Amino acid sequence: MDDTWRSELAEFLAIPSVSADPAHREDVKRAGEWVCDVIRRIGGTAELTPFGEKELALGEIPASHDGASAPTVLCYGHFDVQPPAPLDLWESDPFELSIRGDWAYGRGITDDKGQVWILLKAAQRLAEAGALPVNLRFAFDGEEEIGGHTIVDYLAVDERGADAAIIFDGGMLRMDVPVLDLATRGLIAFDVKVQTGERDLHSGMYGGAALNAIHVLVRCFGAVLAGADGRLPEPLRAGIAAPTADELAQWATLSPGSEELATQGAQPLDAKAAEEFYVRTWAEPSADVNGIIGGKPGIRNTTLSVHASGELSVRLAPGQDVVTIGRAAERLMREAAPAGADVEIRWAGSPPGLVQPDAPAIRLALDAFERAIGVRPLLTRSGGTLPIMPALADKGIPTILTGFGLPESNVHSPNEKFLVRYFGEGIDTAAELFTALGALPR
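My aim in this report is to walk through the structure given alongside it, one point at a time. (Residues numbered from 1 in each chain as written. Predicted model: local features only at pLDDT ≥ 70, side-chain atom pairs only at ≥ 80, totals over all residues. Heavy atoms only, no water.)

### Observations regarding the sheet that holds strand 4 (residues 98-100)
Strand order in this open sheet of three strands is 4-5-18, and the pairing throughout is antiparallel. Either end of the sheet is taken by a strand with one partner, and the two such strands are strand 4 and strand 18 (417-419). The sheet shows a mean angle of 30 degrees between the axes of neighbouring strands, direction not considered. Relative to strand 18, strand 5 (residues 103-105) runs antiparallel, the two sharing three bridges. The partner of Ala104 across the bridge, within strand 18, is Phe418. (Pairing = 2+ DSSP bridges. Helix = DSSP H or I, 4+ residues; strand = E, 2+ residues; numbered from the N terminus. Axes fitted to C-alpha atoms, helices over the stretch in contact; angles between N-to-C directions.)

Below you can see the structure in the form of structure tokens.
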């Protein structure tokens, strides 16, 4: 990374584009303008474009030759960052690029400004050499860190589309072990409220005879949680797209699930949880109670509570449908509630995303990585939820989801860092990837 590029990255990181803080609203927009300026300097066109209540940095760089017949590749990333707090744990200014040893530090250097910058510099290299074989479209947003859906709404009405998409907003499994995430799980969030009477009651006078709202809530949640085999009830398993034999073979080479759990200080859910770790977290649905409110916790108050509420989330496996699973989960919870309980259930969700491992874009990406850094990526999945993945799938756009972050990159934490040599290797890989995708069928 030469001094010119280093100063450019430092300029980007210096913009405190914290989307969660309304006081930084203009800084978020300024970061979007910065991205547009870079695209224009490369020779493309770009504008920070209002869309709904927020803005997107939308831009284009045409193929160097015969753009009318060249494939189109859409690049996505985000220019907003997490809040830097707690500031006293940072060893350097979070909005100042600091290089110490093998690492570069700064808020957003991995998630996602540094990786957006890598894509832009790769595009610049090829464009300036007259060697860009694809038409590049850019759609970057400034609300990923607060769960915004502007990019999803934009894709829903975008009629131009693309032949493939690239997202550099991920990381390696471990140092020098790149991955392509073929899938993300969906998410349905349930808010449940229970009322079983007019007022709380004396448990000595009415316990065992009157309904307790907390008990009802626990029964409702229990109806959708995993059984002794670690699997959700059958109605919540509808539509699962099972992993391929190739995927399973690659997952078998990863570190044992027992190590993954132990590293996090977690205890296995059941006897087979460690053995089935990757299948369960990447290719199976799961349900978790996220919170319960009821009674008077911390105070020994021997009352029978008639009000209780709680939150439950269901992660959807690739292939599953939000409405189908949402309705099934609601039905199971209502059936579990006894007569006389008033149960209110509200829910909303985001679908899972899935890219077929034999998609031409994936095969070209695997080869490009191997040529650029000498390592062929593993085909993995993400247990998390990324709404843009299904939005792109709905448009028939296969997505290459990858990145150069590392488990030790301190993403969302103080002293966020990025391995310095991965800037050069990342640019080499992105340039090779753009080049390879010139062979996409149209």
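### Observations regarding the nonpolar core
Of all hydrophobic cores here, the largest spans 87 residues; its most connected members are Leu136, Phe434 and Leu437. Excluding residues that lie within four positions of it along the chain, Phe434 makes contacts with Cys75, Leu119, Ala122, Ala123, Leu126, Leu132, Pro133, Val134, Leu136 and Ile166. Core analysis: the second largest hydrophobic core is formed by 27 residues, Ala328, Ala329, Met333 and Ile345 among them. (Core = buried A, V, L, I, M, F, W, Y, C linked by side-chain atoms within 4.5 Å. Buried < 20%, exposed > 50% of the residue type's maximum accessible area, 1.4 Å probe, protein only. Contact = heavy atoms within 4.5 Å.)

### Let's talk about the pairing of strand 8 (residues 179-184)
For strand 8, the buried fraction is high: six of the six residues fall into the buried class. Strand direction decides the pairing type here: strand 8 and strand 16 (residues 378-382), joined by four bridges, are parallel. Paired with Asp181 across the bridge in strand 16 is Thr380. Bridging between strand 8 and strand 15 (residues 353-354) involves two bridges; their strand directions are antiparallel. Note that in strand 15 the partner of Thr184 across the bridge is Gly353.

### Let's talk about the environment of Val73
Turning to its location among the elements, Val73 is positioned in strand 3 (residues 72-78). Judged by relative accessible area, Val73 falls into the buried class, the value being 0%. When the C-alpha atoms of Val73 and Gly438 are compared, they prove to be 9.1 Å apart, with 365 residues separating the residues in sequence. What Val73 contacts, discounting residues up to four positions off in sequence, is Val134, Asn135, Leu136, Arg137, Ala162, Ala164, Ile166 and Leu437.

### A short note on helix 6 (residues 213-222)
All of the buried residues along helix 6 are Ala213, Val216, Leu217, Cys220 and Phe221. Down the axis of helix 6, the sector holding all buried residues measures 135 degrees, keeping them to one side. Looking at the buried positions of helix 6, the neighbouring elements they touch are strand 9 (186-195), strand 11 (286-294), strand 13 (307-316), helix 10 (322-336) and strand 14 (342-350). Residue Asn212 occupies the N-cap position of helix 6, its side-chain oxygen lying 2.9 Å from the main-chain nitrogen of Ile214. (Arc of directions from axis to C-beta. Polar contact = N/O pair within 3.5 Å; in protein donor to acceptor, adjacent residues only side chain to side chain.)

### Brief notes about the environment of Pro318
As for its position among the elements, Pro318 is in the loop between strand 13 and helix 10. Counting along the chain gives 98 residues from Pro318 to Cys220, while the straight-line C-alpha distance between them is 25 Å. If sequence neighbours within four positions are ignored, Pro318 has contacts with Ala183, Thr184, Arg185, Gly239, Ile240, Ala241, Trp282, Ala283, Pro352, Gly353, Leu354 and Arg381.

### Looking at the sheet that holds strand 13
Judged by pairing direction, the sheet is antiparallel, and its four strands sit side by side in the order 11-13-9-14 without closing on themselves. Two strands close off the open sheet at either side, each with one partner strand: strand 11 and strand 14. Between one strand axis and the next, the sheet turns through 15 degrees on average, direction left out of account. Bridge analysis of strand 9 against strand 13 gives 10 bridges, and the strand direction is antiparallel.

### Side note on the packing of helix 1 (residues 3-13) against helix 2 (residues 25-42)
As a packed pair, helix 1 and helix 2 sit with axes 10 Å apart at the nearest point and diverge in direction by 150 degrees. Of the possible angle classes, the one that applies to helix 1 and helix 2 is roughly antiparallel. Here helix 1 contributes Glu8, Glu11 and Phe12 to the contact with helix 2, which in turn contributes Ala31, Trp34, Val35 and Arg41. Of the residues belonging to the contact of helix 1 with helix 2, the class tally is four nonpolar, no polar and three charged. (Parallel < 35°, antiparallel > 145°, perpendicular 65-115°, else oblique. Nonpolar A, V, L, I, M, F, W, Y, C, P; charged D, E, K, R; others polar.)

### Thoughts on the state of the cysteines
The full count for this structure, using the stated rule, is zero disulfides. Cysteine Cys36 is unpaired, with the sulfur of Cys75 as its nearest cysteine sulfur at 14 Å. Cys36 sits in the buried class, given a relative accessible area of 0%. (Disulfide = S-S within 2.5 Å.)

### A short note on unusual backbone geometry
A cis amide bond, omega 0 degrees, links Ala85 with the succeeding residue Pro86. Residue Asp112 is reached from Asp111 by a cis peptide bond, and omega for that bond is 5 degrees. Of note, Asp112 is situated in the loop between strand 5 and helix 3 (113-128).

### As for the packing of aromatic side chains
Overall, the coordinates contain 13 aromatic pairs when judged by the stated rule. Seen in terms of ring centroids, Phe277 and Tyr278 are 5.0 Å apart; in terms of plane orientation they differ by 85 degrees. Their pairing is edge-to-face. Between the aromatic rings of Tyr278 and Trp282, the centroid separation amounts to 4.9 Å while the plane-to-plane angle is 50 degrees, which identifies the pairing as tilted. Separated by four residues within a single helix, Tyr278 and Trp282 lie in helix 9 (residues 277-283), roughly one turn from each other. For the pair shown, Tyr278 and Trp282 are each scored as buried. (Phe/Tyr/Trp six-rings, centres within 6.5 Å; stacked < 30°, edge-to-face > 60°.)

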